[in-house]
Amino acid sequence: MKKPSAEKIRIWVEEISKSNRQAFDSLFRHLYPRLVHFAMKYTRSKAVASDMVQDAFVTLWEKRRQLDSNLSVKAYLYRIVRNSSLNYIRDHSSKTVGLEAVDDSKFESSEEMNWQDDAEEFKKTLKDWIEDLPDRQREAFELSRFEGLEHDEIAGVMEISPNTVNNHIVAALNSLKDRYSEYQEEIKNERKGL
Amino acid sequence: MTDKPKHNENKSGRDIIDQFPATERNLIKEIWDKSGRVAEEQPEIPKDEVEYALSEVHKRIETEEKSTDKKAGISTLNNRWRWMLAAAVVIIAFGASILFLPQTVNAPHGDMVSVTLPDGSTVELNSGSELQYNRLFAYWNRDVSLDGEAYFSVQDGEMPFTVDANGSEVTVTGTKFNVRSWSDDPGAETEVTVSEGAVEFYPEGQSQKAVKIFPGQLSRWALDMEKPTNPEPVSIDRMLAWREHNLMFNNKSLLVIFRELERRFDVEIDMQATGAAHETLTTYYAKPKNVKSILEDICRVKGLRFSETANGYRVFQ
């Protein structure tokens, strides 16, 4: 399946607001997996995450008549899911849940890294760097890069101004840039040493 | 996953990259593009799992709609009713969504609670009251529902602030007012008193029956009434007596009074003098220390007697 265009999503939302179930199903199939992964970042439980996302879609259907196809349905759903996730973390704070990676294929320490310009390896490194970012910066950055949301959508999800979203992302890029420069430097030295 | 977001070329990307010095832009662009591909690392959710989840959602929607359809009587209505229907659906959809995503604040018996809502409005809850609001409060609407008694200080805002209390609605934009609406009072009567600004008060979904209540006025509506009473002047201090832990009963039946005492003092009052249950009383107690002295007083006036029980009192002829 090709990624549906923004226009396609807009049409789906318009159809959903007229109670078209097929459009609802298409939107569900398209966004459900992404939203579950998104919720899992907070809740670290697939069962809890799936429930939350299903709740969000039930709410979406109930509110379909109020939907405005010019507003982002993605931002709407991400916002519901994020709020439920934050509530879940708050209510279950005895456990150590937080904005952390679910994927525990953590990259091992830099000492034993095989400094090849291997795209796969670099991806993991980059992922680690992103995980090291301060929470809010990281949330904004991931919503932008991983979830593909526009700044005003992220602003809606995180309940902050688009300007703050921009600042978070710029700050995130700045620290990633510093680490990337260091990393490239190390590779150079490594190669010289060889 | 089958559908990856491709967002290397989106507008935000260019805007962001343009904010960096020209010398850094290539580097930033590289990080931007590469971090977009990190997301592809996410494990896939199998198709049948997605389909199963979708079927669960269908089930839930159908259960919801059965109850919603009953209420709204959705059928082929002409355009004139479309708006009314839309309004009803909005209210019912809100009601239904509360089932799934309500935030609930309870003031336990014997205690009072003050809440600050996400929009900065504050609500003081009398003992035994329950306030609920949607998790999207201040995003899609500013709707709360109340069973009990509460004093609202509403922040100014573009979205109307609506209190849904046992079949009645109070709508404002920024003001201070008191709502008393106990679902177990006769007719689930709702009483609204305004101390600042003004509010619109009407049976749920029937804003054409609204009365406007101004400071120092009170209006009442019960389920069996056509529309709310015309606002009448009232002593605000008396009506808001509960906030200072005083007790004020304005022409209330003994049943209603005893329920209030139960909540306020966290006791059980067993009313066995059924003949007197609907006799009314207007009375005021400043900072009452205990329920016993109040009962003594009421029983003397009404010619009743009372005795202590394990967890409260029994009132009899």
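Placed above this text is the structure.
Parameters at a glance
Residues numbered from 1 in each chain as written. Chains lettered and ligands numbered in written order. Predicted model: local features only at pLDDT ≥ 70, side-chain atom pairs only at ≥ 80, totals over all residues. Heavy atoms only, no water. Helix = DSSP H or I, 4+ residues; strand = E, 2+ residues; numbered from the N terminus. Contact = heavy atoms within 4.5 Å. Areas by Shrake-Rupley, 256 points an atom, 1.4 Å probe, with all protein chains shown as cover. Buried < 20%, exposed > 50% of the residue type's maximum accessible area, 1.4 Å probe, protein only. Axes fitted to C-alpha atoms, helices over the stretch in contact; angles between N-to-C directions. Parallel < 35°, antiparallel > 145°, perpendicular 65-115°, else oblique. Left-handed = near helix turned anticlockwise from the far one by under 90°. Nonpolar A, V, L, I, M, F, W, Y, C, P; charged D, E, K, R; others polar. Core = buried A, V, L, I, M, F, W, Y, C linked by side-chain atoms within 4.5 Å. Buried area = accessible area lost by both parts, 1.4 Å probe. Salt bridge = Lys/Arg side-chain N within 4 Å of Asp/Glu carboxyl O. Expected span 1.5 Å × (residues − 1). Polar contact = N/O pair within 3.5 Å; in protein donor to acceptor, adjacent residues only side chain to side chain. Pairing = 2+ DSSP bridges.

Asks: Summarise the overall build of chain A; cite the residues concerned and give the values.
Replies: On a plain count of helices and strands, chain A comes out with eight helices and zero strands. Each helix (α) and strand (β) of chain A, taken in turn from the N terminus, gives the series α-α-α-α-α-α-α-α. In chain A, of all internal contacts separated by at least 6 residues, the share reaching a separation of at least 24 is 66%. As presented, chain A carries roughly 8,900 Å² of accessible surface, and 46% of it is formed by carbon and sulfur atoms.

Asks: Would you mind going over the overall build of chain B in detail, with residue names and values included?
Replies: A count of helical and extended segments in chain B gives seven helices and 18 strands. Residues classed as buried in chain B amount to 47% of the 317 residues present. Contacts spanning at least 24 positions in sequence make up 47% of the contacts within chain B whose residues lie at least 6 apart. Of the accessible surface of chain B, which amounts to about 15,500 Å², a share of 49% is contributed by carbon and sulfur atoms.

Asks: Which residues make up the packing of helix H3 (residues 46-62) of chain A against helix H4 (residues 73-91) of chain A, and what values go with them?
Replies: Residues and elements named next belong to chain A. Following both chains from N to C, one finds H3 and H4 inclined at 135°, their axes separated by 9 Å at the closest point. Of the possible angle classes, the one that applies to H3 and H4 is oblique. When you trace H3 past H4, the crossing you get is right-handed. Along the contact surface, H3 presents Val48, Met52, Val53, Ala56, Phe57, Thr59 and Leu60, while H4 presents Val73, Tyr76, Leu77, Ile80, Val81, Ser84, Ser85 and Tyr88. When grouped by side-chain class, the residues that make up the contact of H3 with H4 number 12 nonpolar, three polar and no charged.

Asks: Account for the nonpolar core, with residues named and values stated.
Replies: Nonpolar side chains in soluble globular proteins tend to be buried together. With 71 residues, the main nonpolar core has Phe24, Leu27, Phe57, Leu60, Leu77, Ile169 and Leu173 of chain A as its most contacted residues. For this core, the element with the most residues is helix H2 (residues 21-43) of chain A, which contributes 12 residues. Those residues within four positions of phenylalanine 24 of chain A in sequence are excluded, and the remaining contacts are Ile16, Phe57, Leu60 and Trp61 of chain A together with Leu54, Val57 and Ile61 of chain B.

Asks: Requested: an account of the interface of chain B and chain A, with residues and values cited.
Replies: Listed per partner, the contact involves 59 residues of chain B and 57 residues of chain A. Carbon and sulfur atoms make up 62% of the surface buried where chain B meets chain A, a total of about 5,700 Å² over both sides. Between the two partners, chain B and chain A, sit five salt bridges. Lysine 177 of chain A is paired through a salt bridge with glutamate 24 of chain B; the nearest N and O atoms lie 3.0 Å apart. When residues of the side of chain B that touches chain A are traced back to their parent elements, those giving at least two are helix H1 (11-17), helix H2 (25-38), helix H3 (47-72) and helix H4 (79-100) of chain B. Here the element with the most residues in the side of chain B that touches chain A is H3 of chain B; it accounts for 13 residues. Residues that form the side of chain B that touches chain A fall into these classes: 27 nonpolar, 14 polar and 18 charged.

Asks: Tell me what's going on with H3 of chain A, and back it up with residues and numbers.
Replies: All names here are of chain A. The terminal C-alpha atoms of H3, which comprises 17 residues, lie 24 Å apart, in line with the 24 Å expected from a rise of 1.5 Å per residue. The element H3 is largely enclosed, with a buried count of 13 among its 17 residues. A side-chain oxygen of the first residue of H3 lies 3.4 Å from the backbone nitrogen of alanine 47; this N-cap is serine 45.

Asks: Let's hear about helix H7 (residues 151-158) of chain A: which residues, and what values?
Replies: Residues and elements named next belong to chain A. Where burial is concerned, most of H7 is hidden: seven out of the eight residues are buried. Of the positions making up H7, those classed as buried are His151, Glu153, Ile154, Ala155, Gly156, Val157 and Met158. Positive phi appears at glutamate 159, one or two residues downstream of H7, with a value of about 60°.

Asks: How would you summarise the pattern of salt bridges if you had to cite specific residues and measurements?
Replies: The final tally for this structure, using the stated rule, is 34 salt bridges over all chains. With its nearest N and O atoms 2.9 Å apart, the salt bridge here joins glutamate 49 of chain B to lysine 46 of chain A. Within this pair, whereas glutamate 49 of chain B is found in helix H3, its partner lysine 46 of chain A is found in helix H3, the two belonging to separate chains. On the accessibility criterion, glutamate 49 of chain B (28% relative accessible area) is partly exposed. Notably, a salt bridge pairs arginine 79 of chain A with glutamate 159 of chain A, separated by 3.1 Å at the nearest N-O pair. Linking arginine 79 of chain A in helix H4 with glutamate 159 of chain A in the loop between H7 and helix H8 (162-193), this pair joins segments that are 80 residues apart in sequence. Since its relative accessible area comes to 45%, glutamate 159 of chain A is described here as partly exposed.

Asks: Summarise unusual backbone geometry; cite the residues concerned and give the values.
Replies: Residue and element names in this part refer to chain A. A positive phi angle, near 60°, is found at arginine 44, a position not held by glycine. As for its placement among the helices and strands, arginine 44 is situated in the loop between H2 and H3. Residue arginine 44 is classed as partly exposed on the basis of its relative accessible area of 37%.

Asks: Which residues make up the environment of glycine 205 of chain B, and what are the values?
Replies: Residues and elements named next belong to chain B. As for its placement among the helices and strands, glycine 205 is situated in the loop between strand S10 (199-203) and strand S11 (211-213). Considered as a pair, glycine 205 and valine 90 are 115 residues apart in the sequence and their alpha carbons are 9.4 Å apart. Residues within four places of glycine 205 in sequence aside, it is in contact with Ile91 and Glu169.

Asks: Tell me about the packing of helix H6 (residues 135-145) of chain A against H7 of chain A, residues and numbers included.
Replies: Residues and elements named next belong to chain A. Two numbers describe how H6 lies on H7: the axes approach to 10 Å, and their chain directions differ by 135°. One element, H6, and the other, H7, form an angle in the oblique class. Judged by the sense of rotation from one axis to the other, the crossing of H6 with H7 is right-handed. Contacts between H6 and H7 involve Arg136, Glu139, Ala140, Leu143 and Ser144 from the first element and Ile154, Val157 and Met158 from the second. Each residue belonging to the contact of H6 with H7 can be placed in one class, and the counts come to five nonpolar, one polar and two charged.

Asks: Report on the pairing of strand S9 (residues 190-196) of chain B, specifying residues and quantitative values.
Replies: Along a regular strand, successive side chains alternate from one face of the sheet to the other. Residues and elements named next belong to chain B. With five of its seven residues buried, S9 lies for the most part within the structure. The pairing of strand S8 (residues 176-181) with S9 spans six bridges and is classified as antiparallel. Directly across from valine 179, in S9, lies its bridge partner valine 192. As judged from the four bridges shared by S9 and strand S12 (residues 217-221), these two strands associate in the antiparallel manner. Bridge pairing in S12 links threonine 193 to leucine 218.

Asks: Could you give an account of the side chain of threonine 283 of chain B, naming the residues involved and the relevant values?
Replies: Residue and element names in this part refer to chain B. Note on placement: threonine 283 falls in strand S16 (residues 280-285). Residue classification places threonine 283 among the buried positions, given a relative accessible area of 15%. In contact with threonine 283, other than residues within four places in its own chain, are Leu247, Met248 and Phe249.

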